[in-house]
Amino acid sequence: MTEGVALLTVFVLAVFVGFEVVSKVSSTLHTPLMSGANAIHGVILVGAVIVAGTADEAGVLVVALIAVVLATLNLVGGFVVTDRMLEMFGARRPEAAAKDGAE
Amino acid sequence: MIAVWAQVCYVVAAVCFILALKGLSSPKTARRGNLVGAFGALLAVVVTFIAYDIDNLGWILLAVAFGAVGGAMGARRVAMTAMPQLVALFNGVGGGAAALVALLELSEPARAGITRPAGFGDDGWFAYSPLAESGGHTESEILRMVDLLSTGTLTATAFTVLIGAVSFSGSTVTFLKLQELMTGRPITFPGGPIVFGAVLVAAVGLGLWAVATGSVTLAIILALVGLLAGVLLVLPVGGADVPIVISLLNAFTGLAVAAGGYVLENALLLVAGTLVGASGTILTRAMAHAMGRSVSSILFGAFKGGSTAG
(Lines give C-alpha, C1' and ligand atoms only; values in the text may rest on other atoms or scores of the structure.)
Protein backbone atom coordinates (compact mmCIF):
# COMPACT_ATOMS: atom_id res chain seq x y z
CA MET A 1 0.00 0.00 0.00
CA THR A 2 2.85 2.43 0.78
CA GLU A 3 4.14 1.65 -2.71
CA GLY A 4 0.78 2.84 -4.05
CA VAL A 5 0.95 6.08 -2.04
CA ALA A 6 4.50 6.72 -3.27
CA LEU A 7 3.34 6.33 -6.87
CA LEU A 8 0.37 8.62 -6.16
CA THR A 9 2.80 11.27 -4.83
CA VAL A 10 4.88 10.99 -7.99
CA PHE A 11 1.70 11.31 -10.05
CA VAL A 12 0.58 14.52 -8.34
CA LEU A 13 4.02 16.11 -8.64
CA ALA A 14 4.27 15.12 -12.31
CA VAL A 15 0.90 16.79 -13.00
CA PHE A 16 2.31 20.11 -11.76
CA VAL A 17 5.53 19.69 -13.74
CA GLY A 18 3.48 18.90 -16.85
CA PHE A 19 1.34 22.02 -16.38
CA GLU A 20 4.34 24.21 -15.72
CA VAL A 21 6.67 23.01 -18.44
CA VAL A 22 4.43 23.96 -21.38
CA SER A 23 2.81 27.04 -19.86
CA LYS A 24 4.72 29.45 -22.12
CA VAL A 25 4.46 27.66 -25.47
CA SER A 26 4.24 29.94 -28.50
CA SER A 27 1.22 29.28 -30.69
CA THR A 28 3.36 28.45 -33.75
CA LEU A 29 4.66 25.43 -31.87
CA HIS A 30 1.30 23.96 -30.87
CA THR A 31 1.34 21.16 -33.43
CA PRO A 32 4.99 20.08 -32.96
CA LEU A 33 4.54 20.13 -29.19
CA MET A 34 1.44 17.95 -29.48
CA SER A 35 3.35 15.60 -31.75
CA GLY A 36 6.36 15.49 -29.41
CA ALA A 37 4.17 14.78 -26.38
CA ASN A 38 2.44 12.11 -28.45
CA ALA A 39 5.82 10.47 -29.09
CA ILE A 40 6.66 10.53 -25.37
CA HIS A 41 3.65 8.45 -24.37
CA GLY A 42 4.88 5.87 -26.88
CA VAL A 43 7.15 4.85 -24.01
CA ILE A 44 4.27 2.49 -23.14
CA LEU A 45 6.54 0.27 -25.26
CA VAL A 46 8.37 -0.39 -21.98
CA GLY A 47 5.16 -1.86 -20.56
CA ALA A 48 4.46 -3.87 -23.70
CA VAL A 49 7.98 -5.35 -23.64
CA ILE A 50 7.64 -6.29 -19.95
CA VAL A 51 4.29 -8.03 -20.59
CA ALA A 52 5.55 -9.79 -23.72
CA GLY A 53 8.66 -10.83 -21.81
CA THR A 54 6.61 -12.72 -19.23
CA ALA A 55 4.09 -14.27 -21.65
CA ASP A 56 3.99 -18.04 -21.23
CA GLU A 57 1.14 -18.86 -23.63
CA ALA A 58 1.04 -18.40 -27.38
CA GLY A 59 -2.22 -16.42 -27.32
CA VAL A 60 -0.92 -14.02 -24.68
CA LEU A 61 2.35 -13.59 -26.56
CA VAL A 62 0.54 -12.75 -29.80
CA VAL A 63 -1.55 -10.02 -28.13
CA ALA A 64 1.52 -8.70 -26.31
CA LEU A 65 3.50 -8.58 -29.56
CA ILE A 66 0.66 -6.60 -31.18
CA ALA A 67 0.99 -4.15 -28.28
CA VAL A 68 4.75 -3.99 -28.87
CA VAL A 69 4.27 -3.18 -32.57
CA LEU A 70 1.61 -0.52 -31.83
CA ALA A 71 3.72 1.10 -29.11
CA THR A 72 6.84 1.14 -31.30
CA LEU A 73 4.86 2.77 -34.13
CA ASN A 74 3.80 5.45 -31.65
CA LEU A 75 7.27 5.96 -30.20
CA VAL A 76 9.48 5.88 -33.31
CA GLY A 77 6.96 7.39 -35.72
CA GLY A 78 6.12 10.11 -33.20
CA PHE A 79 9.68 11.35 -32.78
CA VAL A 80 10.47 11.13 -36.50
CA VAL A 81 7.36 13.03 -37.59
CA THR A 82 8.00 15.70 -34.94
CA ASP A 83 11.55 16.11 -36.24
CA ARG A 84 10.20 16.55 -39.77
CA MET A 85 7.74 19.21 -38.63
CA LEU A 86 10.52 21.10 -36.87
CA GLU A 87 12.75 20.73 -39.93
CA MET A 88 10.13 22.62 -41.92
CA PHE A 89 9.90 25.11 -39.11
CA GLY A 90 13.64 25.75 -39.36
CA ALA A 91 13.50 26.03 -43.14
CA ARG A 92 10.83 28.70 -42.86
CA ARG A 93 13.03 30.74 -40.56
CA PRO A 94 16.60 30.38 -41.86
CA GLU A 95 18.04 33.02 -39.51
CA ALA A 96 16.66 31.23 -36.45
CA ALA A 97 17.98 27.89 -37.72
CA ALA A 98 21.42 29.34 -38.40
CA LYS A 99 21.56 30.86 -34.95
CA ASP A 100 20.47 27.57 -33.45
CA GLY A 101 23.16 25.67 -35.35
CA ALA A 102 25.88 28.11 -34.27
CA GLU A 103 25.27 27.59 -30.58
CA MET B 1 11.47 -4.80 -8.01
CA ILE B 2 14.10 -4.06 -10.62
CA ALA B 3 17.74 -3.14 -9.98
CA VAL B 4 18.59 0.29 -8.55
CA TRP B 5 20.80 1.26 -11.50
CA ALA B 6 17.87 0.63 -13.83
CA GLN B 7 15.57 2.81 -11.74
CA VAL B 8 18.21 5.56 -11.82
CA CYS B 9 18.29 5.28 -15.63
CA TYR B 10 14.48 5.61 -15.60
CA VAL B 11 14.85 8.85 -13.63
CA VAL B 12 17.30 10.11 -16.28
CA ALA B 13 14.78 9.19 -18.99
CA ALA B 14 12.01 11.02 -17.11
CA VAL B 15 14.21 14.13 -16.89
CA CYS B 16 14.83 13.84 -20.64
CA PHE B 17 11.06 13.88 -21.23
CA ILE B 18 10.63 16.99 -19.07
CA LEU B 19 13.47 18.73 -20.93
CA ALA B 20 11.94 17.61 -24.24
CA LEU B 21 8.58 19.23 -23.44
CA LYS B 22 10.37 22.34 -22.18
CA GLY B 23 12.51 22.49 -25.33
CA LEU B 24 9.54 21.97 -27.62
CA SER B 25 7.87 25.04 -26.12
CA SER B 26 10.37 27.45 -27.70
CA PRO B 27 11.32 27.77 -31.41
CA LYS B 28 15.05 27.95 -30.73
CA THR B 29 15.26 24.75 -28.73
CA ALA B 30 12.41 22.74 -30.24
CA ARG B 31 14.39 20.41 -32.47
CA ARG B 32 16.99 19.70 -29.83
CA GLY B 33 14.21 19.11 -27.32
CA ASN B 34 12.68 16.47 -29.54
CA LEU B 35 16.06 14.71 -29.85
CA VAL B 36 16.49 14.76 -26.05
CA GLY B 37 13.07 13.11 -25.76
CA ALA B 38 14.02 10.46 -28.31
CA PHE B 39 17.23 9.77 -26.38
CA GLY B 40 15.26 9.36 -23.15
CA ALA B 41 12.90 6.89 -24.84
CA LEU B 42 15.80 4.89 -26.30
CA LEU B 43 17.50 4.76 -22.91
CA ALA B 44 14.27 3.60 -21.23
CA VAL B 45 13.68 0.80 -23.74
CA VAL B 46 17.28 -0.47 -23.68
CA VAL B 47 17.32 -0.46 -19.86
CA THR B 48 14.02 -2.38 -19.81
CA PHE B 49 15.47 -5.16 -21.97
CA ILE B 50 18.49 -5.48 -19.65
CA ALA B 51 16.91 -4.96 -16.23
CA TYR B 52 13.80 -7.12 -16.58
CA ASP B 53 13.84 -10.87 -17.06
CA ILE B 54 12.63 -10.90 -20.68
CA ASP B 55 11.61 -14.17 -22.35
CA ASN B 56 10.60 -14.45 -26.04
CA LEU B 57 13.41 -12.02 -26.83
CA GLY B 58 13.62 -12.87 -30.54
CA TRP B 59 9.92 -12.32 -31.10
CA ILE B 60 9.92 -9.06 -29.19
CA LEU B 61 12.90 -7.66 -31.08
CA LEU B 62 11.25 -8.66 -34.34
CA ALA B 63 8.05 -6.82 -33.30
CA VAL B 64 10.09 -3.75 -32.28
CA ALA B 65 11.96 -3.78 -35.60
CA PHE B 66 8.68 -4.11 -37.49
CA GLY B 67 7.09 -1.21 -35.62
CA ALA B 68 10.20 0.97 -35.83
CA VAL B 69 10.59 0.53 -39.59
CA GLY B 70 6.87 1.07 -40.18
CA GLY B 71 6.73 4.14 -37.93
CA ALA B 72 9.87 5.74 -39.36
CA MET B 73 8.88 5.10 -42.97
CA GLY B 74 5.36 6.37 -42.42
CA ALA B 75 6.69 9.50 -40.72
CA ARG B 76 9.34 10.10 -43.42
CA ARG B 77 7.12 9.58 -46.43
CA VAL B 78 3.93 11.30 -45.36
CA ALA B 79 3.04 14.52 -47.17
CA MET B 80 3.42 17.64 -45.05
CA THR B 81 -0.31 18.31 -45.23
CA ALA B 82 -1.07 14.80 -43.95
CA MET B 83 1.00 15.12 -40.77
CA PRO B 84 -1.89 15.87 -38.37
CA GLN B 85 -3.72 12.67 -39.27
CA LEU B 86 -0.50 10.68 -38.91
CA VAL B 87 -0.08 12.10 -35.40
CA ALA B 88 -3.68 11.06 -34.71
CA LEU B 89 -2.90 7.55 -35.92
CA PHE B 90 0.25 7.28 -33.79
CA ASN B 91 -1.68 8.58 -30.80
CA GLY B 92 -4.42 6.01 -31.35
CA VAL B 93 -2.07 3.03 -31.57
CA GLY B 94 -0.36 4.21 -28.38
CA GLY B 95 -3.72 4.21 -26.59
CA GLY B 96 -4.48 0.78 -28.00
CA ALA B 97 -1.14 -0.54 -26.78
CA ALA B 98 -1.81 0.81 -23.27
CA ALA B 99 -5.23 -0.88 -23.16
CA LEU B 100 -3.77 -4.21 -24.34
CA VAL B 101 -0.95 -4.05 -21.77
CA ALA B 102 -3.45 -3.48 -18.95
CA LEU B 103 -5.72 -6.31 -20.16
CA LEU B 104 -2.79 -8.73 -20.34
CA GLU B 105 -1.63 -7.80 -16.83
CA LEU B 106 -5.15 -8.37 -15.55
CA SER B 107 -5.33 -11.79 -17.21
CA GLU B 108 -2.18 -12.98 -15.43
CA PRO B 109 -3.73 -13.88 -12.05
CA ALA B 110 -6.72 -15.47 -13.77
CA ARG B 111 -4.43 -17.71 -15.82
CA ALA B 112 -2.65 -18.73 -12.62
CA GLY B 113 -6.00 -19.62 -11.03
CA ILE B 114 -6.04 -16.70 -8.58
CA THR B 115 -9.36 -14.90 -8.32
CA ARG B 116 -10.78 -12.06 -6.31
CA PRO B 117 -13.98 -12.41 -4.27
CA ALA B 118 -16.55 -9.81 -5.30
CA GLY B 119 -16.45 -6.52 -3.40
CA PHE B 120 -14.15 -3.61 -2.78
CA GLY B 121 -12.37 -4.73 0.40
CA ASP B 122 -8.77 -5.89 0.23
CA ASP B 123 -8.54 -7.34 3.72
CA GLY B 124 -6.41 -10.36 4.22
CA TRP B 125 -5.09 -12.87 1.79
CA PHE B 126 -8.31 -13.22 -0.12
CA ALA B 127 -6.58 -15.08 -2.87
CA TYR B 128 -4.60 -17.50 -0.79
CA SER B 129 -7.01 -20.39 -0.88
CA PRO B 130 -6.38 -21.38 -4.49
CA LEU B 131 -2.65 -20.71 -4.21
CA ALA B 132 -1.93 -24.34 -3.49
CA GLU B 133 -2.99 -25.31 -7.01
CA SER B 134 -1.18 -22.44 -8.74
CA GLY B 135 1.97 -24.46 -9.10
CA GLY B 136 5.00 -23.24 -11.00
CA HIS B 137 4.91 -19.73 -9.53
CA THR B 138 7.32 -18.33 -6.98
CA GLU B 139 6.04 -16.64 -3.87
CA SER B 140 6.96 -13.17 -5.15
CA GLU B 141 5.09 -13.86 -8.40
CA ILE B 142 2.03 -14.87 -6.43
CA LEU B 143 2.25 -11.79 -4.21
CA ARG B 144 2.50 -9.66 -7.35
CA MET B 145 -0.62 -11.30 -8.78
CA VAL B 146 -2.52 -10.77 -5.55
CA ASP B 147 -1.48 -7.13 -5.74
CA LEU B 148 -2.78 -6.92 -9.33
CA LEU B 149 -6.19 -7.81 -7.89
CA SER B 150 -6.15 -5.12 -5.18
CA THR B 151 -8.79 -2.41 -5.48
CA GLY B 152 -6.28 0.35 -6.24
CA THR B 153 -4.49 -1.54 -9.00
CA LEU B 154 -7.75 -2.81 -10.52
CA THR B 155 -9.04 0.78 -10.63
CA ALA B 156 -5.94 1.83 -12.55
CA THR B 157 -6.35 -1.19 -14.83
CA ALA B 158 -9.98 -0.35 -15.63
CA PHE B 159 -9.00 3.29 -16.26
CA THR B 160 -6.22 2.31 -18.66
CA VAL B 161 -8.45 -0.11 -20.56
CA LEU B 162 -11.31 2.40 -20.89
CA ILE B 163 -9.29 5.52 -21.73
CA GLY B 164 -6.88 3.63 -23.98
CA ALA B 165 -9.83 2.26 -25.96
CA VAL B 166 -11.48 5.71 -26.19
CA SER B 167 -8.23 7.17 -27.47
CA PHE B 168 -7.75 4.36 -29.99
CA SER B 169 -11.18 4.59 -31.60
CA GLY B 170 -11.45 8.37 -31.27
CA SER B 171 -8.07 8.87 -32.93
CA THR B 172 -8.99 6.42 -35.68
CA VAL B 173 -12.12 8.42 -36.48
CA THR B 174 -10.17 11.71 -36.50
CA PHE B 175 -7.67 10.05 -38.86
CA LEU B 176 -10.48 8.98 -41.20
CA LYS B 177 -11.93 12.50 -41.10
CA LEU B 178 -8.65 14.29 -41.84
CA GLN B 179 -7.67 11.74 -44.48
CA GLU B 180 -11.09 12.41 -46.06
CA LEU B 181 -11.95 8.73 -45.96
CA MET B 182 -15.14 9.96 -44.31
CA THR B 183 -16.81 13.34 -44.21
CA GLY B 184 -14.98 16.00 -42.22
CA ARG B 185 -18.27 17.61 -41.28
CA PRO B 186 -19.77 17.12 -37.84
CA ILE B 187 -21.96 14.01 -37.74
CA THR B 188 -24.92 14.31 -35.44
CA PHE B 189 -28.06 12.29 -35.07
CA PRO B 190 -31.22 12.80 -33.02
CA GLY B 191 -30.68 11.81 -29.42
CA GLY B 192 -26.90 11.77 -29.90
CA PRO B 193 -26.08 13.42 -26.58
CA ILE B 194 -28.43 11.02 -24.77
CA VAL B 195 -26.81 7.99 -26.41
CA PHE B 196 -23.35 9.34 -25.56
CA GLY B 197 -24.41 10.00 -21.96
CA ALA B 198 -25.85 6.49 -21.68
CA VAL B 199 -22.60 4.97 -23.01
CA LEU B 200 -20.58 6.98 -20.47
CA VAL B 201 -22.83 5.81 -17.62
CA ALA B 202 -22.51 2.22 -18.88
CA ALA B 203 -18.71 2.60 -19.01
CA VAL B 204 -18.52 3.84 -15.42
CA GLY B 205 -20.87 1.09 -14.22
CA LEU B 206 -18.94 -1.60 -16.07
CA GLY B 207 -15.67 -0.17 -14.75
CA LEU B 208 -16.88 -0.42 -11.15
CA TRP B 209 -18.15 -3.94 -11.80
CA ALA B 210 -14.82 -4.95 -13.31
CA VAL B 211 -12.96 -3.53 -10.30
CA ALA B 212 -15.26 -5.28 -7.84
CA THR B 213 -14.79 -8.68 -9.50
CA GLY B 214 -11.40 -8.44 -11.19
CA SER B 215 -13.01 -10.18 -14.17
CA VAL B 216 -11.08 -10.26 -17.45
CA THR B 217 -14.29 -10.73 -19.45
CA LEU B 218 -15.80 -7.57 -17.95
CA ALA B 219 -12.59 -5.67 -18.71
CA ILE B 220 -12.81 -6.75 -22.36
CA ILE B 221 -16.45 -5.60 -22.52
CA LEU B 222 -15.30 -2.33 -20.91
CA ALA B 223 -12.75 -1.94 -23.72
CA LEU B 224 -15.49 -2.46 -26.32
CA VAL B 225 -17.70 0.16 -24.64
CA GLY B 226 -14.66 2.46 -24.60
CA LEU B 227 -14.25 1.97 -28.36
CA LEU B 228 -17.88 2.98 -28.86
CA ALA B 229 -17.50 6.01 -26.56
CA GLY B 230 -14.45 7.18 -28.52
CA VAL B 231 -16.36 7.09 -31.79
CA LEU B 232 -19.35 8.93 -30.31
CA LEU B 233 -17.03 11.53 -28.76
CA VAL B 234 -15.40 12.46 -32.06
CA LEU B 235 -18.24 12.09 -34.60
CA PRO B 236 -19.88 15.46 -33.76
CA VAL B 237 -16.56 17.32 -34.10
CA GLY B 238 -15.85 18.80 -37.48
CA GLY B 239 -13.38 20.62 -39.66
CA ALA B 240 -10.94 22.97 -38.01
CA ASP B 241 -11.73 21.63 -34.54
CA VAL B 242 -10.35 18.17 -35.29
CA PRO B 243 -6.70 19.01 -34.42
CA ILE B 244 -7.82 20.23 -31.00
CA VAL B 245 -9.57 16.92 -30.41
CA ILE B 246 -6.39 15.08 -31.42
CA SER B 247 -4.60 17.07 -28.72
CA LEU B 248 -7.29 16.12 -26.21
CA LEU B 249 -7.04 12.42 -27.13
CA ASN B 250 -3.25 12.77 -26.85
CA ALA B 251 -3.69 13.87 -23.25
CA PHE B 252 -6.08 10.92 -22.75
CA THR B 253 -3.47 8.45 -23.99
CA GLY B 254 -0.95 10.05 -21.64
CA LEU B 255 -3.26 9.43 -18.68
CA ALA B 256 -3.90 5.85 -19.83
CA VAL B 257 -0.14 5.25 -19.98
CA ALA B 258 0.25 6.80 -16.52
CA ALA B 259 -2.36 4.45 -15.04
CA GLY B 260 -0.66 1.58 -16.88
CA GLY B 261 2.55 2.60 -15.11
CA TYR B 262 0.72 2.29 -11.78
CA VAL B 263 -0.48 -1.21 -12.74
CA LEU B 264 3.04 -2.31 -13.73
CA GLU B 265 4.61 -0.48 -10.75
CA ASN B 266 6.83 1.27 -13.28
CA ALA B 267 7.59 4.82 -12.19
CA LEU B 268 8.85 5.92 -15.61
CA LEU B 269 5.58 5.06 -17.36
CA LEU B 270 3.73 6.84 -14.58
CA VAL B 271 5.81 10.01 -14.89
CA ALA B 272 5.93 10.06 -18.72
CA GLY B 273 2.19 9.42 -19.04
CA THR B 274 1.32 12.03 -16.42
CA LEU B 275 3.58 14.64 -18.05
CA VAL B 276 1.81 14.10 -21.37
CA GLY B 277 -1.61 14.05 -19.74
CA ALA B 278 -1.01 17.33 -17.89
CA SER B 279 0.86 19.21 -20.63
CA GLY B 280 -1.59 17.87 -23.23
CA THR B 281 -4.50 19.31 -21.24
CA ILE B 282 -2.84 22.74 -21.08
CA LEU B 283 -1.96 22.51 -24.77
CA THR B 284 -5.52 21.57 -25.72
CA ARG B 285 -6.81 24.63 -23.91
CA ALA B 286 -4.16 26.85 -25.51
CA MET B 287 -5.00 25.54 -28.99
CA ALA B 288 -8.71 26.10 -28.46
CA HIS B 289 -8.00 29.56 -27.08
CA ALA B 290 -5.83 30.46 -30.09
CA MET B 291 -8.85 29.71 -32.28
CA GLY B 292 -11.14 31.70 -30.06
CA ARG B 293 -13.04 28.63 -28.92
CA SER B 294 -13.44 26.61 -25.75
CA VAL B 295 -12.91 22.88 -25.41
CA SER B 296 -16.48 22.25 -24.28
CA SER B 297 -17.90 24.20 -27.23
CA ILE B 298 -15.82 22.02 -29.55
CA LEU B 299 -16.90 18.75 -27.99
CA PHE B 300 -20.53 19.61 -27.51
CA GLY B 301 -21.00 22.52 -29.91
CA ALA B 302 -22.25 20.41 -32.82
CA PHE B 303 -25.23 19.38 -30.78
CA LYS B 304 -26.17 23.03 -30.69
CA GLY B 305 -25.04 23.68 -34.25
CA GLY B 306 -21.91 25.56 -33.18
CA SER B 307 -19.05 23.43 -34.53
CA THR B 308 -17.17 24.59 -37.60
CA ALA B 309 -18.39 22.83 -40.68
CA GLY B 310 -14.90 22.71 -42.19
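In this numbering scheme, every chain counts its residues from 1 along its sequence in written order. The lettering of chains begins at A and the numbering of ligands begins at 1, in the order of writing. Thresholds applied to this predicted model are a pLDDT of at least 70 for local features of residues and 80 or more for the giving and counting of side-chain atom pairs; totals over whole chains, interfaces and linings are not thresholded and use all residues. Excluded from the side-chain calculation are hydrogens and water; included are all heavy atoms of the structure.

As annotated in an unreviewed UniProt entry, chain A carries the name proton-translocating NAD(P)(+) transhydrogenase and comes from Jiangella asiatica. UniProt positions are given in the numbering used here, feature names are shortened, and annotations may be inferred rather than shown by experiment. Among the UniProt annotations of chain A, the heading Subcellular location (unreviewed entry) holds the following wording: "Cell inner membrane". Database annotation for chain A, UniProt heading Catalytic activity (unreviewed entry): "NAD(+) + NADPH + H(+)(in) = NADH + NADP(+) + H(+)(out)".

**Q** Looking at this structure, how should I read the overall build of chain A?
**A** Helix and strand labels come from DSSP, where a helix needs a run of H or I of at least four residues and a strand needs a run of E of at least two; each type is numbered from the N terminus. Scanning chain A for helices and strands turns up five helices and zero strands. The order of helices and strands in chain A, counted from the N terminus, is α-α-α-α-α. Across the 103 residues in chain A, those meeting the buried criterion constitute 54%. By definition, residues are in contact when any of their heavy atoms lie within 4.5 Å. Counted over contacts in chain A with a minimum sequence separation of 6, partners at least 24 positions apart contribute 70%. Surface exposure here means Shrake-Rupley accessible area, sampled with a 1.4 Å probe, where a residue is shielded only by the protein chains that are shown. For chain A, the exposed area adds up to about 4,300 Å²; of that, 70% sits on carbon and sulfur atoms. Only protein chains enter the accessibility calculation, which uses a 1.4 Å probe; a residue is then buried when its area is under 20% of its type maximum, exposed when over 50%, and partly exposed in between.

**Q** Would you mind going over the packing of helix α2 (residues 30-40) of chain A against helix α10 (residues 267-290) of chain B with me for this structure?
**A** To characterise two packed helices, one gives the angle between the axes of the helices and the distance between these axes. The interhelical angle for the contact between α2(A) and α10(B), taken along N-to-C directions, is 160 degrees, at an axis separation of 10 Å. Considered as vectors, α2(A) and α10(B) are oriented roughly antiparallel to each other. Judged by the sense of rotation from one axis to the other, the crossing of α2(A) with α10(B) is left-handed. Note on element contacts: α10(B) touches α2(A) through A272(B), V276(B), L283(B), A286(B), M287(B) and A290(B), opposite H30(A), L33(A), M34(A), A37(A) and I40(A). Nonpolar residues are Ala, Val, Leu, Ile, Met, Phe, Trp, Tyr, Cys and Pro. Charged residues are Asp, Glu, Lys and Arg, and all others, Gly as well, are polar. Each residue belonging to the contact of α2(A) with α10(B) can be placed in one class, and the counts come to ten nonpolar, one polar and no charged. Only the stretch in contact is used when fitting a helix axis, every axis being a line fitted to C-alpha atoms; angles between N-to-C directions are given from 0 to 180 degrees. The cut-offs work like this: below 35 degrees is roughly parallel, past 145 is roughly antiparallel, 65 to 115 is roughly perpendicular, and the gaps in between are oblique. The crossing is said to be left-handed when, going from far helix to near helix, the turn is anticlockwise and less than a right angle, and right-handed when the turn is clockwise.

**Q** Please clarify how helix α4 (residues 83-111) of chain B should be interpreted in this entry.
**A** For an α-helix the count is 3.6 residues per turn, leaving residues at separations of three or four pointing the same way. A helix's residues, less one, multiplied by 1.5 Å, set its expected span. Under the 1.5 Å per step criterion, the end-to-end length of α4(B) is 42 Å for 29 residues, consistent within 8% with the ideal 42 Å. Most of α4(B) sits inside the fold, with 23 of its 29 residues counted as buried.

**Q** Quick question: what am I supposed to make of the interface of chain B and chain A here?
**A** Put simply, an interface is often sized by how much accessible area is lost when its parts join up. Across the boundary between the two partners, chain B contributes 85 residues, which contact 73 residues of chain A. Summed over both partners, the accessible surface that disappears when two parts come together, traced with a 1.4 Å probe, is what is meant by buried area. Taking both sides of the interface into account, the surface hidden between chain B and chain A amounts to around 7,300 Å²; carbon and sulfur atoms contribute 77%. Together, K28(B), R31(B) and L104(B) form the three largest contributors to the area buried by chain B at its contact with chain A, with a combined 8%. What counts as a salt bridge is simple: a side-chain nitrogen of Lys or Arg found within 4 Å of a carboxyl oxygen of Asp or Glu. Our count for the contact surface shared by chain B and chain A stands at three salt bridges. A salt bridge links R31(B) to D83(A); its shortest N-O distance comes to 3.0 Å. Polar contacts here mean pairs of N or O atoms no more than 3.5 Å apart (in protein, one a potential hydrogen donor and the other a potential acceptor; neighbouring residues in sequence count only if both atoms are side-chain atoms). Our count for the contact surface shared by chain B and chain A stands at 16 residue pairs in polar contact (both at pLDDT 80 or more). Mapped by element, the contributors of at least two residues to the side of chain B that touches chain A are α1 (4-24), α2 (30-51), α3 (57-77), α4, α9 (242-263) and α10 of chain B. Of the residues belonging to the side of chain B that touches chain A, the class tally is 55 nonpolar, 19 polar and eleven charged.

**Q** Could you clarify how one ought to interpret unusual backbone geometry in this entry?
**A** Residue and element names in this part refer to chain B. Backbone geometry places N56, a non-glycine residue, at a positive phi of 55 degrees. Mapped onto the secondary structure, N56 falls in the loop between α2 and α3. One non-glycine residue with positive phi stands out, namely E265, at about 55 degrees. In this structure, E265 sits in the loop between α9 and α10.

**Q** What's the story with the packing of α2(A) against α9(B) in this structure? I'm lost.
**A** Contact pair α2(A) / α9(B): the axes reach a minimum separation of 10 Å and the direction vectors enclose 30 degrees. With respect to their mutual orientation, α2(A) and α9(B) come out roughly parallel. Crossing of α2(A) over α9(B) shows left-handed handedness. Contact with α2(A), carried on its side by M34(A), A37(A) and N38(A), involves P243(B), I246(B), S247(B) and N250(B) of α9(B) and no other residues of that element. Class assignment of the residues belonging to the contact of α2(A) with α9(B) gives a composition of four nonpolar, three polar and no charged.

**Q** Honestly, the pattern of salt bridges in this entry has me stumped. Any pointers?
**A** Taken as a whole, this structure holds seven salt bridges over all chains when the rule is applied. For R111(B), the salt bridge is made with D56(A), and the minimal N-O distance between the two is 3.1 Å. Taken as a pair, R111(B) in helix α4 and D56(A) in the loop between α3 (45-53) and α4 (58-92) lie in two separate chains rather than in one. The salt bridge involving R144(B) is made with D147(B); its shortest N-O contact spans 3.9 Å. Of this pair, R144(B) and D147(B) both sit in helix α5 (residues 139-148), three residues apart, which is roughly one turn of the helix. Look at D147(B) and you get partly exposed, because its relative accessible area is 27%.

**Q** What's the story with empty space enclosed by the protein in this structure? I'm lost.
**A** Over the atoms rolls a probe the size of a water molecule, and its path tells where empty space is left. Residue and element names in this part refer to chain B. Throughout, the protein atoms alone are placed on a 1 Å grid, and a set of points is a cavity if a 1.4 Å probe fits but cannot get out or a pocket if it is open with protein on both sides within 12 Å along at least five of seven lines; lining residues have an atom within 4 Å of a point. Grid points are joined across faces, edges and corners, and a volume is the space filled by probe spheres set on the points. Under the definition given, this model contains two cavities of 30 Å³ or more. A volume near 50 Å³ is recorded for the second largest cavity. In terms of lining residues, the second largest cavity is bounded by L106, L154, T157, A158, V161, A210, V211, G214, S215, A219 and L222. Elements with a minimum of two residues in the lining of the second largest cavity: α6 (151-178), α7 (192-213) and α8 (216-234). Looking at the lining of the second largest cavity, the element that brings in the most residues is α6, giving four residues. Residue composition of the lining of the second largest cavity, grouped by class: eight nonpolar, three polar and no charged.

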